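Chain by chain, the residues:
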Amino acid sequence: MSFSTPVKSRPSIASCSPSRMSYQQPRLDSSPLTPRQYSQLTSSFMSSRRRSPSGAQAKSCIHRQASSPLKLDSYPLEGELTGTGPVSSTPKRPAKKQLYRSSVQGDRFIPSRSSTSTAMSKLESESKISPVSSDSSASSVSNASSYQPNTVALAYQSSVAEACGLALNTRILAFKPEAPQSSKPIDLRSQYNRPLKPAVNAQLRRRLPTSAERILDAPGIRDDYYLNLLDWSCNNQVAIGLDRDLYVWNAETGTVSSLLQTRPNTYIAGIKWSGDGAYVAVGLSDGDVQIWDAEEGEKVRSMTGHAARVGVMSWDRHILSSGCRDGSIWNHDVRVAEHKVSEFVNHQAEVCGLQWRSDGNQLASGGNDNLVNIWDARSSTPKFTKSNHKAAVKALAWCPWQLNLLATGGGTYDKHIHFWNGTTGARLNSIDTGSQVTSLQWSTTYKEIVSSHGYPDNNLAIWSYPTLVKNGEIQGHDTRVLSSALSPDGSTLATVASDENLKFWKVFEQLGKKVSSAVGGTLGSGKDIAKVMMIR
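Notes on the structure follow. Since the structure is predicted, the reported quantities are computational estimates derived from the model, not experimental observations. The written sequence of each chain sets the order in which its residues are numbered from 1. Local features in this predicted model are restricted to residues whose pLDDT is 70 or higher, and side-chain atom pairs enter the listing and the counts only when it is 80 or higher, whereas totals over whole chains, interfaces and linings include all residues. To get the side-chain values, all heavy atoms of the structure are used, and hydrogens and water are removed first.

**Concerning the sheet that holds strand 1 (residues 214-217)**
To keep it simple, the criterion reads: Two strands make a pair as long as DSSP finds a minimum of two bridges between them. Strands here mean DSSP runs of E at least two residues long; helices mean DSSP runs of H or I at least four residues long; both are numbered from the N terminus. In this description, a line fitted to the C-alpha atoms serves as the axis of each element, helices being fitted only across the stretch in contact, and the angle between N-to-C directions of two axes falls anywhere from 0 to 180 degrees.
Pairing within the open sheet is antiparallel, and its 4 strands lie in the order 1-28-27-26. Bordering the open sheet on either side are strand 1 and strand 26 (481-486), each of which pairs with just one other strand. Taking each pair of neighbouring strands and ignoring which way they run, the sheet shows an average axis angle of 20°. Bridging between strand 27 (residues 493-497) and strand 28 (residues 501-505) involves 4 bridges; their strand directions are antiparallel. Bridge assignment links valine 496 to a residue of strand 28, and that residue is leucine 502.

**Quick notes on the packing of aromatic side chains**
Basically, it comes down to this: Working definition: rings of Phe, Tyr and Trp (its six-membered ring) pair if their centres are within 6.5 Å, and the pair is stacked with planes under 30 degrees apart, edge-to-face with planes over 60 apart, and tilted otherwise. The classification of residues rests on relative accessible area computed with a 1.4 Å probe and restricted to protein chains. Under 20% of the type maximum is buried, over 50% is exposed, and intermediate values are partly exposed.
Overall, the coordinates contain 9 aromatic pairs when judged by the stated rule. Between phenylalanine 419 and tyrosine 465, the aromatic rings sit 4.8 Å apart at their centres with planes inclined by 40°, giving tilted as the arrangement. Taken as a pair, phenylalanine 419 in strand 20 (residues 416-421) and tyrosine 465 in the loop between strand 24 (460-464) and strand 25 (470-474) lie far apart in primary sequence, 46 residues in all. Just as phenylalanine 419 is buried, tyrosine 465 falls in that class too. Here the aromatic rings of tyrosine 446 and phenylalanine 508 are separated by 6.2 Å at their centres, their planes lie at 40°, and the arrangement is tilted.

**Thoughts on the pattern of salt bridges**
Oppositely charged side chains can form a pair if their charged atoms are brought close together. How we decide: The salt bridge criterion pairs a side-chain nitrogen of Lys or Arg with a carboxyl oxygen of Asp or Glu, the two atoms within 4 Å.
All told, the structure shown has 13 salt bridges when counted by the stated rule. Aspartate 223 is the salt-bridge partner of arginine 480, the closest N and O atoms lying 3.1 Å from each other. Taken together, the positions of arginine 480 in the loop between strand 25 and strand 26 and aspartate 223 in the loop between strand 1 and strand 2 (230-232) put the pair 257 residues apart, joining distant regions of the chain. The exposure class of aspartate 223 is partly exposed, given its relative accessible area of 42%. Because the salt bridges share partners, they merge into one network encompassing Asp224, Arg309, Arg325 and Glu350.

**A closer look at unusual backbone geometry**
Looking along the chain, the bond that leaves tyrosine 455 and enters proline 456 is cis, with omega of 0°. Within the element layout of this structure, proline 456 appears in the loop between strand 23 (448-453) and strand 24. Following tyrosine 465, the chain continues to proline 466 via a peptide bond in cis, the omega torsion being 10°. As for its placement among the helices and strands, proline 466 is situated in the loop between strand 24 and strand 25. Backbone geometry places asparagine 236, a non-glycine residue, at a positive phi of 65°.

**Some words on the nonpolar core**
Side chains that are nonpolar tend, in soluble globular proteins, to be buried together. The cut-off we apply is this: Nine residue types can take part in a nonpolar core, namely buried Ala, Val, Leu, Ile, Met, Phe, Trp, Tyr and Cys, and a core is a set of them joined through side-chain atoms within 4.5 Å. Between two residues, a contact is recorded if the distance between any of their heavy atoms is within 4.5 Å.
Ranked by internal contacts, the top residues of the largest apolar core, which has 32 residues, are Leu230, Ile240, Leu246, Ile268, Val282, Leu502 and Phe504. Apart from residues no more than four positions distant in its own chain, leucine 502 is found in contact with Arg214, Ile215, Leu216, Ala218, Leu230, Ile240, Ala494, Thr495 and Val496. Ranked by size, the runner-up nonpolar core spans 17 residues in total, among them Ala397, Cys399, Trp401 and Ala461.

**Re the pairing of strand 7 (residues 279-284)**
For strand 7, the buried fraction is high: 6 of the 6 residues fall into the buried class. Along strand 7, one buried face is formed by Tyr279, Ala281 and Gly283 and the opposite face, lined by Val280, Val282 and Leu284, is buried too. Across 5 bridges, strand 6 (residues 268-273) lies against strand 7 in antiparallel orientation. Following the sheet pairing, glycine 270 is matched in strand 7 by glycine 283. Remark: 5 residues form the turn of the hairpin made by strand 6 and strand 7, two consecutive strands paired antiparallel; glycine 277 in that turn has positive phi of roughly 75°. Looking at chain direction, strand 7 and strand 8 (residues 289-293) are connected through 5 bridges and run antiparallel. Bridge pairing links valine 282 to glutamine 290 in strand 8. Adjacent in sequence and paired antiparallel, strand 7 and strand 8 are bridged by 4 residues, among which glycine 287 carries a positive phi angle near 100°.

**Quick look at the sheet that holds strand 15 (residues 362-367)**
Taking strand neighbours across the sheet as the criterion, the 4 strands line up as 14-15-16-17 in an open arrangement whose pairing is antiparallel. Each edge of the open sheet is held by one strand with a lone partner, namely strand 14 (351-356) and strand 17 (382-386). Across the sheet, the axes of successive neighbouring strands diverge by a mean angle of 15°, strand direction being ignored.

**Comments concerning the side chain of histidine 347**
To keep it simple, the criterion reads: Throughout this description, a polar contact denotes any pair of N or O atoms lying within 3.5 Å of each other; where both atoms belong to protein, one of them has to be capable of donating a hydrogen while the other can accept it, and for residues adjacent in sequence the pair is counted only when both atoms sit in side chains.
One can find histidine 347 in the loop between strand 13 (340-345) and strand 14. With relative accessibility at 4%, the residue histidine 347 sits in the buried group. Engagement of the side chain of histidine 347 in a polar contact is seen with the side chain of serine 365, the distance being 2.9 Å. Reaching out from histidine 347, the side chain makes a polar contact with the side chain of asparagine 373 at a distance of 3.1 Å. Sequence-distant contacts of histidine 347, that is, excluding residues within four places in its chain, are made with Gly327, Ile329, Ser365, Gly366, Gly367, Asp369, Leu371 and Asn373.

**Description of the pairing of strand 14**
The element strand 14 is largely enclosed, with a buried count of 5 among its 6 residues. Pairing of strand 14 with strand 15 involves 5 bridges; the strand directions are antiparallel. Considered in strand 15, the bridge of leucine 354 is made with serine 365. In this structure, the hairpin formed by strand 14 and strand 15 is closed by a connection of 5 residues, where glycine 360 is found at a positive phi of approximately 75°.

**Observations concerning the side chain of glutamine 290**
Within the fold, glutamine 290 resides in strand 8. Of the residues examined, glutamine 290 reaches a relative accessible area of 7% and is grouped as buried. Within the structure, the side chain of glutamine 290 is placed 2.9 Å from the side chain of tryptophan 292, a separation counted as a polar contact. Excluding anything up to four places from it in sequence, glutamine 290 contacts Arg263, Val280, Ala281, Val282, Leu284, Lys299, Arg301 and Ser302.

**Some points on the environment of glutamine 441**
Considering the arrangement of structural elements, one finds glutamine 441 in strand 22 (residues 437-442). Along the primary structure glutamine 441 and leucine 493 are separated by 52 residues, whereas in three dimensions their C-alpha atoms are 8.7 Å apart. Leaving out residues up to four positions away in the same chain, glutamine 441 has contacts with Ile449, Val450, Ser484, Ala485, Leu486 and Leu493. One polar contact links the side chain of glutamine 441 to the main-chain carbonyl oxygen of serine 484, over a distance of 3.3 Å.

**Observations concerning the environment of lysine 383**
Tracing the sequence through the fold places lysine 383 in strand 17. By relative accessible area, which is 40% here, lysine 383 ends up partly exposed. Sequence separation between lysine 383 and asparagine 373 is 10 residues, and the spatial gap between their C-alpha atoms is 7.4 Å.

And the structure:
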């Protein structure tokens, strides 16, 4: 005895109404139509059937082609049911013409179980890749179905990556390629710390001194910013004024001699060697200017006339210029009895800086009125007057290898070094030193300038020109440096400070030829003229 349960059978093409039997599905292998024409024909046919009442009963078994060959989720996977279930009554638009070329056997693209299994096996062999969330997958896929779309998307990405020879866990684009690997160890210092200029031999490398070459006592020196009490002659003799006495130290023999002693109630305010090193001019606090023969140790002549002390002097061959506290500058011709030949008047305060250019065409003067005057030797009026400094200008220096370049330094409330063009009067550069500038000395070996300072640093600083880079500094004195002088060979700098010490520094080593002057020859060669001046 058997019980039969009615089972709802799946509708098929054979069980359809006679009207449906009128359509016979053609075979693909015998049809003269291309797959594209066949897809369009079946789509239009199914659309017309859905519009009829009888067409709403069952869904066609013919699967419509997806709108894009790249959307793999439009094809049925393993276990998916097709041709069953209710069909939406909303009519759909016919599919648009798709122009594509399949990569599998001509222009056909037939998904198969073998290709799907290959993609799945590819995913299993890959390293752990974080799956894409279902929400983002649903937004990127137009038709959602019962299978997981992210798995198919990852399968498609894996297939494309395999075809292109790329790895999914690496970046396709990078900012720069990786550095090439070297078999030898890389020295990072040689790679990234390359010098801007060719390396210098260790024996020729520049070194700045940390201690003085020699120290001499200078007891009784007057701590006065406006006085000039130190000078070095071309005969390698150093003269220093200590209150009423003038001492001369011979750098070659190391002997010290007392050249003169002034009258009571007077003191030495300024000293300056002549160009040939035979005579030294001495300015006194009472306004007299004396000329002494250093070799003979006797006074040659005395020139009077100044109303106040003479703190600074400068030689130009047989012309001696002296700066007075009353602001006047006198030019003396030491060969004649009537020594005063001209007078320069433009300062309103004491003249504390004075220097002739090496060719004798211009004279630079600085005063306590914060002014810098550049005088032409043929005129009694200044060619240029500069008021950029905010304090007294004592430090003056003409450049030996660029004749029209003048450097000036200001006092405590200024602390600047200005560089001027003596031909045009233009200011070329400036340096804020941070300290009172007491003296300036150009190097004859390097394109550098050394400055001595007072409050607050009391040091020496070496600057490159025209870069204005500080090459180094020397902390040599406990108190402010009053004056400085450069040796005849341009290698040693002598400094004297209010701590009553006279120190010698090897700041410019002789590594090669000296810097050539613009007018020819080398500088700092010693005697320029013989002892032929007829002083009366």
